[in-house]
Number of protein chains: 2
Amino acid sequence: MPRPGEFELIARHFAPIAGPGGLDLLDDAGLLRPGRGYELVVTADALVAGVHFFPDDPPDAIGWKALAVNLSDLAAKGARPEGFVLTLALPHGWTEAWLAGFVAGLGRMAEEARCPLIGGDTVSTAGPLTLSITAFGTVPAGRMVRRAGARPGDVVLVSGSIGDGALGLKAHGPDKPGWVASLALEQRAFLADRYLHPQPRHALAEALQRHASAAMDVSDGLVGDLAKLLKASGVGAEIDLDSVPLSPAARAALMADPALAELAWTGGDDYEILCTASEREYPALIAAAEGSMLPLTPIGRVTAEAGVVTYREQGRLRSFAQGSFSHF
Amino acid sequence: MPRPGEFELIARHFAPIAGPGGLDLLDDAGLLRPGRGYELVVTADALVAGVHFFPDDPPDAIGWKALAVNLSDLAAKGARPEGFVLTLALPHGWTEAWLAGFVAGLGRMAEEARCPLIGGDTVSTAGPLTLSITAFGTVPAGRMVRRAGARPGDVVLVSGSIGDGALGLKAHGPDKPGWVASLALEQRAFLADRYLHPQPRHALAEALQRHASAAMDVSDGLVGDLAKLLKASGVGAEIDLDSVPLSPAARAALMADPALAELAWTGGDDYEILCTASEREYPALIAAAEGSMLPLTPIGRVTAEAGVVTYREQGRLRSFAQGSFSHF
């Protein structure tokens, strides 16, 4: 089957997932109109085959995740998704079947988050498939949740469960370590799916915007991302590692190999929300999260000692050599 | 000199060209707040080394042009630049000197257009350097200039001069054709500079927004881009090729090799504005353009015959085999 040219490619694959602001992808630009009193939150992520995903990952999962990681940032900032643009550099060997799968995953994520495509660009590359998404959300003016708002005495919380993404990468990747075989099939599938199909926590956005003092998403590992949030806020924290929420599958993996705890706390790809809230606000934040069926779990306290993070595990102090996973 | 990590790289190179909406590039997102009654125009372009520029082009020119091509789209849409995000995939051999040059060119263009950086992402790639820019502009709500607004009887106009970019690519590239040697040194330099440092016509944005019925920028060649505009509008046109404005350097090249006229009309990288305006509005459009020191030249008329473009050159009809340059 001959591959379509750029015009046909856009009409056939991308126009069906475009929103009204995309003007049918027939113009040179898209349009966004934030409601009166709202401002626009803009976030961007680039993904490269062989760096951020395996080139032979299911194309549907690549498309899903490419948008999901951006929506995760918007959720952490308290913003409601409004649309995104995609630039895509296709390698020489691309097929239309691959593209159809990619757009299917991208489109499902876009529909679930009500965040349509509004524009983009498609080019060719002699290198690996490379894509970049810029996503847009809205918040009431002045209400974006910053990294820099944590204050001493605030409670530190995380959404969902931590470590599934990093464990899922091992369970999904080509070189499976021994502990993977000790898991039940459905546990392996759960972890791999958490890696392949992260769920951006946009249902928490409004609660964060109302009640959180600071937030970011956990994409490069809890320990490293917490250090970034605390640094931006000029504070420290005391964290109870025993409180960090783990999924049943992650617990089973840690039973098989207790050394995996370090991976769970420092590995990437969680796409959960890390946030802080004042003593007064945090009960309302937890209640709002429960209303969204997305539990938030307190894991520690913000302290006044800038840059000092104390981790406790079963009563003992613990420190981390490698703070954060870096894709760079 | 050791290369900086991602955090240092952002602080050292990118933070100096960031605007207030970039929040010092220390958060997960940037902010845009269009004024009341305005909406946001969003455009994106991806560029790949070896496809859109030569890998050993001056890094300053690559940075300049990466933003310029997006600002050119905003100008054609009648939008005032407000900011941009950059995602950059750096190849394994990148150097800090290259990056400093790239950001210098990018920053000069950003400053000249008052269009600051508000966010982005930096990753590594095993392939060629790849970058993607999403740029934002504002227009009074409902006033973005579309491709689809041309009406029969409208005048067709182009800004500046046509063909310099495509001729400049030849004059600048590694395999210089014979006609290049026949040009004066300053003519060669002029053409190469038009290719390397396109000037986005943002000074025309307000005039277009007030007076044009349709517009787009000429990035893939006049003939091909005119076909796109007419198709979007459901109309045709009669074009007088003798009226198409040429620079003195392009005239000298066409004197040396008359066959270059085809390249001038169909080659890419002009980054001029192609627009239409009604009989009533076009004098005001031309006057406003003259006020901005950017001439607009009438080159033909819109006709009612959808898809039919008649080109006349020295009294004879002329047609084009290859309509448009494609980077895809």
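Just so it is clear, the model here is predicted, and its values are computed rather than measured. (Residues numbered from 1 in each chain as written. Chains lettered and ligands numbered in written order. Predicted model: local features only at pLDDT ≥ 70, side-chain atom pairs only at ≥ 80, totals over all residues. Heavy atoms only, no water.)

Evaluated as defined, the whole model comprises 36 salt bridges over all chains. Its salt-bridge partner being Arg-201 of chain A, residue Glu-272 of chain A comes within 2.7 Å of it at the nearest N-O pair. Here Arg-201 of chain A lies in the loop between α6 (185–196) and α7 (205–211) and Glu-272 of chain A lies in strand β9 (residues 272–277), a separation of 71 residues in the sequence. Taken as a pair, Glu-272 of chain A and Arg-201 of chain A share a single burial class, namely buried. Close ionic contact of Glu-281 of chain B with Arg-280 of chain B constitutes a salt bridge, the shortest N to O distance being 3.3 Å. Several salt bridges converge on common partners, so that one network encompasses Asp-27 and Asp-28 of chain A together with Lys-77 and Arg-147 of chain B. (Salt bridge = Lys/Arg side-chain N within 4 Å of Asp/Glu carboxyl O. Helix = DSSP H or I, 4+ residues; strand = E, 2+ residues; numbered from the N terminus. Buried < 20%, exposed > 50% of the residue type's maximum accessible area, 1.4 Å probe, protein only.)

Quick look at the UniProt feature "binding site: Mg(2+) 5" (unreviewed entry) in chain A now. Residue and element names in this part refer to chain A. According to UniProt, the positions carrying the feature "binding site: Mg(2+) 5" (unreviewed entry) are Asp-220. Residue placement: Asp-220 occurs in the loop between β7 (214–218) and α8 (222–233). Looking at Asp-220, the relative accessible area reads 17%, which means it is buried. (UniProt positions renumbered as here; feature names shortened; annotations may be inferred.)

Let us look at the UniProt feature "binding site: Mg(2+) 2" (unreviewed entry) in chain A. Under the feature "binding site: Mg(2+) 2" (unreviewed entry), the UniProt entry names Asp-45 and Asp-73 of chain A. In terms of the greatest pairwise C-alpha distance, the residues named above, spread along 29 residues, form a tight cluster of at most 9.6 Å across. Assignment of secondary structure puts Asp-45 of chain A in strand β2 (residues 38–48). Exposure remark for Asp-45 of chain A: the relative accessible area of 17% places this residue in the buried category. Apart from residues lying up to four places away in sequence, Asp-45 of chain A is in contact with Val-69, Asn-70, Asp-73, Leu-131, Ser-132 and Ile-133 of chain A together with Thr-87 and Asp-121 of chain B. Not counting residues within four places of it along the chain, the set of residues in contact with Asp-73 of chain A comprises Thr-43, Asp-45 and Asp-217 of chain A together with Asp-28 of chain B. (Contact = heavy atoms within 4.5 Å.)

We now examine the packing of aromatic side chains. One pass over the structure, following the stated rule, counts 7 aromatic pairs over all chains. Measuring from centroid to centroid gives 6.1 Å for Trp-265 of chain B and Phe-320 of chain B, while their planes differ by 80°, and the two rings are edge-to-face. In this pair, Trp-265 of chain B is assigned in helix α10 (residues 260–266) and Phe-320 of chain B in the segment after β12 (316–318), connecting sequence segments 55 residues apart. Neither residue differs from the other here; Trp-265 of chain B and Phe-320 of chain B are each classed as buried. Summarising the aromatic geometry, the rings of Tyr-311 of chain B and Phe-320 of chain B are spaced 5.0 Å apart at their centres and angled 90° between planes, so their arrangement reads as edge-to-face. One Lys or Arg, Lys-65 of chain A, reaches over the ring of Tyr-195 of chain A and ends 3.7 Å from the middle of that ring. (Phe/Tyr/Trp six-rings, centres within 6.5 Å; stacked < 30°, edge-to-face > 60°. Lys NZ or Arg CZ within 6 Å of the ring centre and 35° of its normal.)

All names here are of chain A. By the assigned domains, chain A splits into domain 1 (6–140) and domain 2 (155–318). Tallying the contact residues gives 25 residues for domain 1 and 21 residues for domain 2. Surface buried jointly by domain 1 and domain 2 totals about 1800 Å² across both partners, of which 62% is contributed by carbon and sulfur atoms. The three residues of domain 1 that bury the most area against domain 2 are Phe-54, Lys-65 and Ala-76, which together make up 28% of that side's buried surface. Taken together, the connections running from domain 1 to domain 2 amount to 1 salt bridge. (Domains from an automatic or database assignment. Buried area = accessible area lost by both parts, 1.4 Å probe.)

Time to look at the sheet that holds strand β4 (residues 117–125) of chain A. If you trace the 5 strands from one edge of the open sheet to the other, you get β4(A)-β3(A)-β5(A)-β2(A)-β1(B), paired in mixed fashion. One side of each edge strand has no neighbouring strand; the edge strands of this open sheet are β4 of chain A together with β1 (30–32) of chain B. Strand-to-strand twist in this sheet, taken as the mean axis angle between neighbours without regard to direction, amounts to 20°. Here strand β3 (residues 80–91) of chain A runs beside β4 of chain A; their pairing, made up of 8 bridges, is parallel. Looking at β4 of chain A, one finds that Pro-91 of chain A is bridged to Thr-125 of chain A. Each of β3 and β4 of chain A touches helix α1 (residues 6–14) of chain A; the most contacted strand, β4 of chain A, lies at about 135° to it. Its contacts with the sheet place helix α2 (residues 59–76) of chain A against β2, β3 and β5 (130–140) of chain A, and it is angled at close to 140° to β2 of chain A. (Pairing = 2+ DSSP bridges. Axes fitted to C-alpha atoms, helices over the stretch in contact; angles between N-to-C directions.)

Taken residue by residue, the interface counts 59 residues in chain B and 59 residues in chain A. At the boundary of chain B with chain A, total buried surface from both sides reaches about 4500 Å², with 59% on carbon and sulfur atoms. At the surface where chain B touches chain A, the tally comes to 8 salt bridges. In this structure, Lys-77 of chain A engages Asp-27 of chain B in a salt bridge whose closest nitrogen and oxygen atoms are separated by 2.5 Å. Of all the secondary structure elements, the ones that give two or more residues to the side of chain B that touches chain A are α1 (6–14), β1, β2 (38–48), β3 (80–91), β4 (117–125), β5 (130–140) and β7 (214–218) of chain B. Sort the elements by how many residues they give to the side of chain B that touches chain A and β2 of chain B lands first, with 10 residues. Classifying every residue of the side of chain B that touches chain A gives 31 nonpolar, 15 polar and 13 charged. (Nonpolar A, V, L, I, M, F, W, Y, C, P; charged D, E, K, R; others polar.)

Let us look at helix α9 (residues 248–256) of chain B. All names here are of chain B. Those residues of α9 not exposed but buried are Ala-249, Ala-250, Ala-253 and Leu-254. Buried residues of α9 fall within an arc of 135° about the axis and therefore sit on the same side. The outward face of α9, more than 90 degrees from its buried face, is lined by the exposed residues Pro-248 and Met-255. In the core, the buried residues of α9 are packed alongside α4 (164–172), α5 (178–181), α6 (185–196) and α10. (Arc of directions from axis to C-beta.)

So, on to the packing of α6 of chain A against helix α9 (residues 248–256) of chain A. Residues and elements named next belong to chain A. Here α6 crosses α9 at 110°, and the two axes come no closer than 9 Å. Here α9 runs roughly perpendicular to α6, going by the angle between their axes. Along this stretch, α6 crosses α9, giving a crossing that reads as left-handed. Between α6 and α9, the contacting residues are Gln-187, Phe-190 and Leu-191 on the first element and Pro-248, Ala-249, Ala-250 and Ala-252 on the second. Of the residues in the contact of α6 with α9, the class split is 6 nonpolar, 1 polar and no charged. (Parallel < 35°, antiparallel > 145°, perpendicular 65-115°, else oblique. Left-handed = near helix turned anticlockwise from the far one by under 90°.)

Here we take up the relation of the copies chain B and chain A. By a simple turn and slide, chain B fits onto chain A: the slide is 0.0 Å along the axis, the RMSD is 0.0 Å, and the turn is 180°. Here the transformation between the copies is reduced to the relation of a two-fold axis. For chain B, the smallest separation between a C-alpha atom and the rotation axis is recorded for Gly-127 of chain B, amounting to 2.0 Å. (Least-squares fit on C-alpha atoms with pLDDT ≥ 70 in both.)

What follows concerns the sheet that holds strand β8 (residues 236–240) of chain A. All names here are of chain A. With mixed pairing, the 7 strands of this open sheet are ordered in space as β7-β9-β6-β10-β8-β11-β12. Strands at the two margins of the open sheet, each flanked by one partner only, are β7 and β12 (316–318). Strand-to-strand twist in this sheet, taken as the mean axis angle between neighbours without regard to direction, amounts to 30°. As defined by bridge partners, β8 adjoins strand β10 (residues 296–303) across 4 bridges and the pair is classed as antiparallel.

So, on to empty space enclosed by the protein. Summed over the entire model, instances satisfying the criterion amount to 3 cavities of 30 Å³ or more. As a volume, the largest cavity reaches approximately 80 Å³. Along the wall of the largest cavity there are 14 residues; nearest its centre are Thr-130 and Ser-132 of chain A together with Thr-87, Thr-130 and Ser-132 of chain B. Put simply, the parts of the chain that give the lining of the largest cavity at least two residues each are β3 and β5 of chain A together with β3 and β5 of chain B. The residue makeup of the lining of the largest cavity, split by class, is 8 nonpolar, 6 polar and no charged. (1 Å grid on protein atoms, 1.4 Å probe; cavity = no way out; pocket = protein on both sides within 12 Å on 5 of 7 lines; lining within 4 Å. Points joined across faces, edges and corners; volume = space filled by probe spheres on them.)

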